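Structural characterization, general
Okay, here's what each chain looks like letter by letter:
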Amino acid sequence: MRITILGPAHPYRGGIADFSNRLAIQFTEEGHDVDIRTFKLQYPGLFFPGKTQYTDSQPPEGIRIRRVVNSINPLNWIITGLRIRKERPDILLIRFWLPFMAPCLGTIARIAKKNRYRYTKIIAIFDNIVPHEKRPGDKILTKYFINSIDGAIVMSQTVQDQLNTFRKNIPVIMNPHPLFDNYGKKISREDALNKLKLQPDKSYLLFFGFIRGYKGLDLLLEAFSDKRLRDRDLKLIIAGEFYEDDTPYRELIRKYNLENELLIYDRFINNDEVALFFSAADLIVQPYKSATQSGITQIAYFFEKPMLVTDVGGLKEIVPHGKCGYVVKPEPDGITESIIDFFDNNRKGDFTKGVREEKEKYSWDKMTAAITEVFLKSLLGQIVKSLGK
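Computed from a prediction, not measured in an experiment: that's the story for all the values here.

As enumerated under the stated definition, the model contains 20 aromatic pairs in all. Geometrically, the ring pair formed by tyrosine 326 and phenylalanine 351 is edge-to-face, given 5.2 Å between the ring centres and 85° between the ring planes. Of this pair, tyrosine 326 sits in strand E13 (residues 325-328) while phenylalanine 351 sits in helix H14 (residues 348-358), placing them 25 residues apart in sequence. One exposure class covers both tyrosine 326 and phenylalanine 351, and it is buried. Relative to phenylalanine 351, the ring of phenylalanine 342 has its centre 6.3 Å away and its plane inclined at 25°; by these criteria the two rings are stacked. The structure contains a cluster of three or more aromatic residues connected by ring pairs, namely Phe208, Tyr265, Phe277, Phe278, Phe302 and Phe303. Cation over ring: arginine 95 sits above phenylalanine 19, and NZ or CZ is 3.9 Å from the ring centre.

Here we come to the nonpolar core. Judged by nonpolar contacts, the single largest core of 63 residues is most densely connected at Leu23, Phe278 and Ile371. If sequence neighbours within four positions are ignored, isoleucine 371 has contacts with Leu23, Phe27, Ile91, Leu93, Ile123, Ile125 and Ile153. Val69, Leu92, Cys104 and Phe145 belong to the second largest nonpolar core, which has 33 residues in total.

The subject of this paragraph is helix H2 (residues 74-87). Taking 1.5 Å of rise per residue, 14 residues should cover 20 Å, and H2 covers 20 Å from first to last C-alpha, within 8% of that figure. Residues Asn76, Trp77, Thr80, Gly81 and Ile84 constitute the buried set of H2. Seen along its axis, H2 keeps its buried residues to an arc of 130°; they face one direction. Exposed residues lying more than 90 degrees from the buried face of H2 are Leu75 and Lys86. Lining the buried residues of H2 we find strand E2 (33-41), strand E3 (64-70), strand E4 (91-96) and helix H3 (102-112). Measuring from the backbone nitrogen of leucine 75 back to the side-chain oxygen at the start of H2 gives 3.0 Å, which picks out asparagine 73 as the cap. Arginine 88 sits one or two positions beyond H2 and adopts a positive phi of about 55°.

Basis of the calculations
- Residues numbered from 1 in each chain as written.
- Predicted model: local features only at pLDDT ≥ 70, side-chain atom pairs only at ≥ 80, totals over all residues.
- Heavy atoms only, no water.
- Phe/Tyr/Trp six-rings, centres within 6.5 Å; stacked < 30°, edge-to-face > 60°.
- Helix = DSSP H or I, 4+ residues; strand = E, 2+ residues; numbered from the N terminus.
- Buried < 20%, exposed > 50% of the residue type's maximum accessible area, 1.4 Å probe, protein only.
- Lys NZ or Arg CZ within 6 Å of the ring centre and 35° of its normal.
- Core = buried A, V, L, I, M, F, W, Y, C linked by side-chain atoms within 4.5 Å.
- Contact = heavy atoms within 4.5 Å.
- Expected span 1.5 Å × (residues − 1).
- Arc of directions from axis to C-beta.
- Polar contact = N/O pair within 3.5 Å; in protein donor to acceptor, adjacent residues only side chain to side chain.

As structure tokens, then:
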């Protein structure tokens with residue numbers, strides 16, 4: 001098939017862009033003709049909370065990426081839609097993660113989907129339907145985009161339920177987020193600690209990724225202040241850029257005198273560094289207050305690391321409690337008790353074994369198969385509808 005992916009990709013940084021790159025590679029390896037249309041302007045600088053939107057990593061080999069989309073220019077949306085319509089792909093695969101993008105993506109989809117010779121199917125991959133941080137107008141914008149598509153992939157039951165509140169007359173398949181296997185190979189703990197200049201006689205928790213309120217770093221800091229954790233040879237690594245004012249977190253650190261217990265890497269972690277942090281860690285902690293699914297979980301699976309996640313959104317669907325780690329309430333006490341249990345009862349070996357077994361579910365060929373199935377169901381629905389006329 002001819003497949004055009006529309007969404008973040010290289011040179012943009014972050015998990016969604018990396019997902020697009022990896023998905024294009026998978027489709028290409030399966031013999032499809034694939035290209036990616038990404039942004040020449042994704043977020044206006046005023047709206048972007050980080051230091052830069054771009055990665056220093058080299059572009060992925062073997063895939064075509066064109067920077068053509070301006071998220072705030074309606075004329076650009078029309079031109080992009082007409083170009084895609086002229087090229088007549090079988091699938092226009094759109095990544096949706098934020099209502100702000102709905103006018104741009106929904107307009108391109110409406111223009112691109114019909115042509116004289118072939119009906120391009122619009123399939124969306126949804127990260128969120130309802131955003132973590134809600135704003136006025138979100139529902140109207142999201143509805144505008146959802147009404148432009150012919151089918152969807154969701155990666156958790158939470159997002160499936162959210163989508164059902166907007167629309168139920170399109171084919172939808174739930175397929176979990178695949179493994180993030182594009183951050184290099186796993187290395188030994190000793191080598192990782194050496195390269196990060198960390199003490200080998202300590203144990204390490206890892207909080208990874210950009211920092212916003214809904215990710216619950218404050219809960220983890222409060223949990224980590226418990227004397228039972230402070231009395232251990234245990235350090236907490238915080239690796240990621242603050243996407244909001246860091247003052248409340250710094251105040252918590254001072255309040256609980258945690259300065260010597262934390263290792264803070266307040267910056268975007270480049271792709272070639274990800275393996276170091278995950279290979280060094282004993283337990284990955286995701287104390288989220290709200291979530292749908294998480295790419296961090298799939299990095300942890302790839303590097304075969306036990307996880308502690310909270311019982312919000314779709315996280316509990318991905319991390320079986322007692323097999324791959326812990327699912328706890330988003331409260332400091334539960335986080336503390338699970339960390340203590342992990343080390344007191346030497347759970348690392350058993351949980352690592354569970355992670356190795358569970359990770360087999362999350363292959364990229366299952367994601368491409370799900371997208372193909374949605375395409376065929378949508379096409380069949382169109383044929384049946386035409387025969388009915």
